[in-house]
Amino acid sequence: MIISCCSTCYEASEQADASLPFFSEHDQTVDQNSANIEAPSADLAPLAKVKVRGLRKEFPNLNPAAPPIVAVNNVSLDMYEGQIFALLGHNGAGKTTIINILTGMYPSSGGNADIYGHSLQTDLSEIRQSLGVCPQHNILFDVLTVREHLVLFAMLKGEFLLAGSIDDG
Amino acid sequence: MTITCSFAGVPSHDVKDAVDNMIAQVGLTEKANSKSAVLSGGQKRKLSVGIALIGDSKLVFLDEPTSGMDPYSRRSTWELLRQGKKGRVLILTTHFMDEADQLGDRIAIMAQGEVKCCGTSLFLKSRYGVGYTMTITKTGADRQVTDDATANAQREKLSHSIKKLVSSHVGESELLADAGAEISFRLPFDASSKFPKMFREFDQNGAEHGIAGYGISVTTLEEVFLRVGRDETADQATRHANKEANKQRRVSQSRNPGDDDRTSERISESYSVDKPDYKTPQSGPAGAGNGGGVVVPMPADNVLAGASILTDVANIDASFMRHFKALLVKRWYTTQRDRRTLYWQFLYPFIILMVGLALLRVGLTFVSPAVSLNTGVYNSPLRVPFNNDSVTSSASAAIQFLDSGTWAGNCIRSPWNDIQSLQNFSDNLLETYRNRSFLQSRYGAFVFTSANQASEDRVNMFVNTTAGHAVPIFLNLLSNMYYQRLSNRDPAASIVLRMDPLPLTSEQEALTTSFTAVFIAIAFAFIPASFAGFMVKERETKVKHQQLISGVSITAYWLSTYAWDILITIVNGIMCIIVFYILDIKQLTGDNLGATIIILLLYAFSIAPFTYFASFAFTSHVTAQNVLLLVYIMAGGILQVVSIVLDLISATRDANTVLKYFYRLMPSFCFGEAFASLIVRESAFIYGTSRDVWDFDILGRPAIYMTVFGALYMTLVFLVEKILSTPEWLHYFSNVPKLQIDESSQPDDPDVAAERQRIQSHANGKHSKSGLRNNHRCSAFVTVPLTDVTPGSGACSRH
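Residues numbered from 1 in each chain as written. Chains lettered and ligands numbered in written order. Predicted model: local features only at pLDDT ≥ 70, side-chain atom pairs only at ≥ 80, totals over all residues. Heavy atoms only, no water.

**Here's the deal with the overall build of chain B**
Stage number 1. For chain B, the count of helices and strands is 27 helices and 15 strands.
Stage number 2. The 799 residues of chain B split such that 48% are buried.
Stage number 3. Within chain B, contacts between residues separated by at least 24 positions form 70% of all contacts whose residues are at least 6 apart in sequence. (Helix = DSSP H or I, 4+ residues; strand = E, 2+ residues; numbered from the N terminus. Buried < 20%, exposed > 50% of the residue type's maximum accessible area, 1.4 Å probe, protein only. Contact = heavy atoms within 4.5 Å.)

Shown next as structure tokens:
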């Protein structure tokens, strides 16, 4: 697959091939942990719908002269459709930071993620069309009922028809 | 409670079914119609999980979903997640290792921001786990021990025997603990094939070796986690995951010798179960072959398939209306539920408008009554300090008059003897009025003196200037004294002085009515202030973010907010017009009703964007609401009064003309100014001539300002949102580190360098002026060090 890299050609190639991958096939970082990472079986590989590559997040240090605090350092992960991916780590290990980057709450300081064929860096709004988040701290409307919360978010997220009228309770 | 919401986005039966289903699944059926504020912590978590899972989201993040849940709820949530993972990528963080073990198809353990290991539960256990832990209970443990020394000796003997037995079967076994009646060993994974034989031996001959019972368990995920946390990876790295570690669940068996043999067989069977999905690589170093072994290279087709699952860009327009309607429903619910909002948006404006304008109206219609000006308006009887002796003929006549009691004001002469000089007299009056037994205020006094010639009369009148009308009253008293003398004390001869104020001129009335504008501006200050409170609260509590990551675009979010806020302002505007009619404010009703409606509409159009723009400056909704309320009252009310006053004074009029250009940046000021101008436009006193409604000085200028700045502020709101959501731009406004890869720190692979050069030559060809790095449009696909380019393919990855 040949993809031109000058800007004008790039526009054209995007038209022609909407599936432009954000990483080449062998886009991998080799690190000392590679032996600690299990490769998936061949039949699972096509289900890798979320591919995180080299994700990095730095927060500025309080002292401007000091080096920034690295919250997430070169994280590469594959997550598979139909699976639950459990992210473990002690407090402050960077789990929530990764989630915040992948939901677009913070910009990343480096790296990218391919989420169902969309680049996190450039196609955030498309990614958010199909995102569900249960944040660490409940984010709820105090005055809305349980049902109204679910109706609201079902309407925001789902492709539901909006005709008709129901009694809401 | 039945809420039928028929005006905006109405949930269809699809939504109803999905919502009912989700309520049942998260176990909140009984709480379905309870406000979220009254839910317990665990119930809130369940609702949050439900919100994350509802809809057809392809990527679901659950950040510690079960924290605060009871064990029963946790298990039902696990079931929900197991069902919910189908057809989507579900990412879960948790501090419960059993939860990760039960739910996680793949588990990644992080430390210091790095992924330390990743794989199936079994993979992690085999990589980090120490193998199996076997615990053996020694015989004689529960016997009555009479002699410690004997018991210890016996136990040691047993221990020795058991150790020997275990090591004869599994040579690599390691003694973990030998305390009391229990002895435990660590057995490596490799040795699992030897277990059946060993267990058979235990079952058959255990008693001979002093084995009362035994149990074996695989390393728990918790042990793995702790090991990773301790960073004990170095010694583990030498072990390779080249074993068929197939056991899917934790095995724990506890058996007594002499029972049937099938148990051990079952264990051995379970070891050989092969789950094809979770095969580990055939050999450790194999991973290096494809550049790390983390991910099997994926064909490009998969990316295509993935792209089609997500909503296409074209569908985003369709979703806009859906989001728009849903957000209006949200505002409808939140507005009617929140009493404080209702007060700020409807009650306070109404009270201020009604009471303020009514008082103003009363002030205008009130006509001061006619008053007779005599000393009767003060204390009665009023003691008037006076000469005691008749120094002149006028004095004796005056004394006579006062003493006769014919004066209508009921005055009594208060004689003074010691009048050396007028100054002394005045001082005495001031010093002594408290000392007298007839404690009362003094309003006036008379001193008759004769000058050098005895014939010349001189009368001095003292007046307390703090009393209203004191001068005319005492002057009239004096006039009456002389009139009595001239008329030879004719009882009918008296001068009556009356004060009868004239009604307000139309100018005066217009000026007073112009303060109506101040009250309107103050009443309408509450409404946008409460908008700010809502916006900042949504941001503060992160529900705004929650909505944005649910797919709501910035445009849908702000436009729905804008539409709702305009609606609220218009409802208040209608209320305002009704009040004008009730109180019959002619300048704003009748022929001028059209102008009034235009001002109110333009206010609705312009104040909401101003509020949104200003709301970015606040982090607390309470502060935002109160500060902006003050700003709007200042701008629309107080600044308005100041401006009117400065305009009336010719010396400050020019300065005010300049100042008003700045005031008008705030729509509140334009709003108040428009109303004030509309009210006084017929007053020739201010404008010289009566002005037309659409004159530049009346509605023209404020209307143009509100239109232009309303649009400008809305544009600024979108600009700020764009900046906030664009890291490259945000960098220029804050200290967020710029998104960049430090290329100098790592040397390029030769092929990456070659590729970079190739791209740069391309870029230079197309854009001769600048290199790739400097070209803005190119920034999206700069080669980065982590990119490994397949030689010859010409592929380039996007960063």
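**Re the sheet that holds strand β3 (residues 106–111) of chain B**
Stage number 1. With mixed pairing, six strands are arranged side by side in an open sheet as β6(A)-β1(B)-β2(B)-β3(A)-β3(B)-β4(B). The sheet is open, and its two borders are formed by β6 (131–134) of chain A together with β4 (114–119) of chain B, each paired with just one other strand. Going across the sheet, the axis of each strand differs from the next one's by a mean of 15°, ignoring polarity.
Stage number 2. The pairing of strand β3 (residues 84–89) of chain A with strand β2 (residues 89–93) of chain B spans four bridges and is parallel. Directly across from leucine 87 of chain A, in β2 of chain B, lies its bridge partner threonine 93 of chain B.
Stage number 3. Across the sheet, helix α5 (residues 121–128) of chain B lies against β3 and β4 of chain B, angled at about 115° from β4 of chain B, the strand it touches most. (Pairing = 2+ DSSP bridges. Axes fitted to C-alpha atoms, helices over the stretch in contact; angles between N-to-C directions.)

**Focus on the sheet that holds strand β4 (residues 110–115) of chain A**
Backbone hydrogen bonds hold the strands of a sheet together, and the pairing may be parallel or antiparallel.
Residues and elements named next belong to chain A.
Stage number 1. Strand order across the open sheet formed by four strands is β2-β1-β4-β5, with antiparallel pairing between neighbours. Only two strands of the sheet have a single neighbouring strand rather than two, namely β2 (69–80) and β5 (118–119).
Stage number 2. Pairing geometry for strand β1 (residues 48–59) and β4, over five bridges, is antiparallel. Within β4, the residue paired with valine 52 across the bridge is alanine 113.

**A few points about helix α2 (residues 95–102) of chain A**
Residue and element names in this part refer to chain A.
Stage number 1. Among the eight residues in α2, seven count as buried, and that is most of the element.
Stage number 2. Of the residues making up α2, those classed as buried are Lys95, Thr97, Ile98, Ile99, Asn100, Ile101 and Leu102.
Stage number 3. Looking one or two residues past α2, glycine 104 carries a phi angle of roughly 85°, positive in sign.

**Some remarks on the packing of aromatic side chains**
Residues and elements named next belong to chain B.
Stage number 1. A complete count under the given rule lists 32 aromatic pairs over all chains for this structure.
Stage number 2. Ring geometry for phenylalanine 524 versus tyrosine 603: centroids 5.8 Å apart, planes at 80°, classification edge-to-face. Separated by 79 residues along the polypeptide, phenylalanine 524 in helix α17 (residues 515–540) and tyrosine 603 in helix α20 (residues 593–615) bring together distant segments of the chain. The same class applies to phenylalanine 524 and to tyrosine 603, which are both buried. (Phe/Tyr/Trp six-rings, centres within 6.5 Å; stacked < 30°, edge-to-face > 60°.)

**A few points about the nonpolar core**
Stage number 1. Counting residues in hydrophobic clusters, the biggest one holds 70 residues, and the most contacted among them are Leu150 of chain A together with Leu62 and Ile109 of chain B.
Stage number 2. Formed by 61 residues, the second largest nonpolar core is a distinct cluster that contains Ala517, Ile522, Ile679 and Ala703 of chain B. (Core = buried A, V, L, I, M, F, W, Y, C linked by side-chain atoms within 4.5 Å.)

**Side note on the pairing of β6 of chain A**
Stage number 1. The two faces of β6 of chain A match: Leu131 and Val133 of chain A on one face and Gly132 and Cys134 of chain A on the other face are all buried.
Stage number 2. Summarising the sheet, β6 of chain A and strand β1 (residues 59–63) of chain B pair through four bridges and their orientation is parallel. Residue glycine 132 of chain A lies in a different strand from β1 of chain B, and its bridge partner there is valine 60 of chain B.

**Here we look at the side chain of serine 34 of chain B**
Stage number 1. Residue placement: serine 34 of chain B occurs in the loop between α1 (13–25) and α2 (41–53).
Stage number 2. The exposure class assigned to serine 34 of chain B is buried, which follows from its relative accessible area of 18%.
Stage number 3. Excluding anything up to four places from it in sequence, serine 34 of chain B contacts Leu144, Thr145 and Val146 of chain A together with Leu39 of chain B.

**Describing the pairing of strand β5 (residues 132–138) of chain B**
Residues and elements named next belong to chain B.
Stage number 1. Counting buried positions along β5 gives five out of seven residues, so the element sits mostly inside the fold.
Stage number 2. Of the strand pairs in this sheet, β5 and strand β7 (residues 182–187) are connected by six bridges, and their pairing is antiparallel. Among the inter-strand pairings, isoleucine 136 is bridged to a residue of β7, identified as isoleucine 183.
Stage number 3. Two strands pair when backbone bridges link them, and β5 and strand β8 (residues 211–218) are joined in this way by seven bridges, in the antiparallel orientation. Note on β8: the bridge partner recorded for methionine 134 is isoleucine 216.

**Observations concerning the pattern of salt bridges**
Side-chain pairing between opposite charges can occur once the charged atoms of the two side chains come close.
Residues and elements named next belong to chain B.
Stage number 1. Tallied over the full model, the rule gives 20 salt bridges over all chains.
Stage number 2. In this structure, the salt-bridge partner of aspartate 584 is lysine 586, at a minimum N-O distance of 3.2 Å.
Stage number 3. Classification of lysine 586 as exposed rests on a relative accessible area of 57%.
Stage number 4. Because the salt bridges share partners, they merge into one network encompassing Asp647, Lys660, Arg664 and Glu673. (Salt bridge = Lys/Arg side-chain N within 4 Å of Asp/Glu carboxyl O.)

**Topic: the side chain of serine 36 of chain B**
Stage number 1. Structurally, the position occupied by serine 36 of chain B is in the loop between α1 and α2.
Stage number 2. The buried category is assigned to serine 36 of chain B, whose relative accessible area is 1%.
Stage number 3. Polar side-chain contacts of serine 36 of chain B include one of 2.6 Å to the backbone oxygen of phenylalanine 141 of chain A.
Stage number 4. Leaving out residues up to four positions away in the same chain, serine 36 of chain B has contacts with Leu140, Phe141, Asp142, Leu144, Thr145 and His149 of chain A together with Lys44 and Leu47 of chain B. (Polar contact = N/O pair within 3.5 Å; in protein donor to acceptor, adjacent residues only side chain to side chain.)

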